[in-house]
Amino acid sequence: MNSNFEDYKRFEKQIILKKVGVSGQKKIYNAKVLIIGMGGLGCPLLTYLAASGVGTIGIADHDKIEISNLNRQTLFSKSDLGKLKVSQAKIKAKKINNNITIKNYKKITTQNIKSIKKNYDIICDGTDNYESRYLINDQCKNEKKILISAA
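The following paragraphs examine the structure supplied in this document. This one's a predicted model, so the numbers in the text were calculated from it and none came from an experiment. (Residues numbered from 1 in each chain as written. Predicted model: local features only at pLDDT ≥ 70, side-chain atom pairs only at ≥ 80, totals over all residues. Heavy atoms only, no water.)

**Description of the pairing of strand β2 (residues 56-60)**
Judged by how many residues are buried, β2 sits mostly within the fold: five of five residues are covered. Where burial is concerned, the two faces of β2 agree: the one with Thr56, Gly58 and Ala60 and the one with Ile57 and Ile59 are both buried. With five bridges joining them, strand β1 (residues 32-36) and β2 adopt parallel strand pairing. Bridging across to β2, Leu34 finds its partner in Gly58. Traced from β1 through helix α4 (residues 42-52) to β2, the parallel crossover comes out right-handed. Strand direction decides the pairing type here: β2 and strand β3 (residues 101-105), joined by five bridges, are parallel. In the sheet register, Gly58 faces β3, and the bridge partner there is Lys103. In this fold, the crossover linking β2 to β3 by way of helix α5 (residues 85-96) has right-handed handedness. (Buried < 20%, exposed > 50% of the residue type's maximum accessible area, 1.4 Å probe, protein only. Helix = DSSP H or I, 4+ residues; strand = E, 2+ residues; numbered from the N terminus. Pairing = 2+ DSSP bridges. Right-handed = clockwise from strand over helix to strand, strands pointing away.)

**Concerning the pattern of salt bridges**
Taken as a whole and assessed by the stated rule, the structure comprises three salt bridges. Taking the shortest distance from any N to any O, the salt bridge between Arg133 and Asp125 comes out at 3.6 Å. The class for Arg133 is buried, based on a relative accessible area of 19%. The buried category is assigned to Asp125, whose relative accessible area is 4%. (Salt bridge = Lys/Arg side-chain N within 4 Å of Asp/Glu carboxyl O.)

**Examining the sheet that holds β3**
Ordered by their spatial adjacency, five strands build an open sheet running β3-β2-β1-β4-β5, and the pairing between neighbours is parallel. Edge positions in the open sheet fall to β3 and β5 (146-149), since each of these has one partner strand only. Averaged over all pairs of adjacent strands, the angle between strand axes in this sheet comes to 20 degrees, irrespective of strand direction. Contacts from α4 reach β1, β2, β3 and β4 (122-125), with the element oriented near 165 degrees to β1. (Axes fitted to C-alpha atoms, helices over the stretch in contact; angles between N-to-C directions. Contact = heavy atoms within 4.5 Å.)

**Looking at α4**
Buried residues of α4: Gly42, Cys43, Leu46, Leu49, Ala50 and Ser52, and no others. Immediately beyond the C-terminal end of α4, within one or two residues, lies Gly53, with a positive phi of roughly 100 degrees.

Here's what the structure looks like:
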């Protein structure tokens, strides 16, 4: 976070909170959060994290956008059909806040999860299957990573 007037005005409503302040907003900017699953949970989470100023966000999903996603995956529209969720989500999040870094991962697997999650402070699981949920949970438990899980 730059300490300029524009940033102050943008995040003013967070900064005025007693337990946040300027130092807290800098912590938010320095946070690194990984969202696994760009579905009905991951899309609004990405929106809010980008808007609040989280500086580095990783997003992982291997799916393409389908018409049945549009009623609950709020980042996507009809023009996104057939495109990778992570690619379109990155474009939309950068429109919300161009000062953040977004890293895309096509898929989280047993082979790559350790190398990906080591770059993040907080892991958010928005997946929709038990195999992925167990993999993410076990890895976060082993490495003592903060895991936020939702279903």
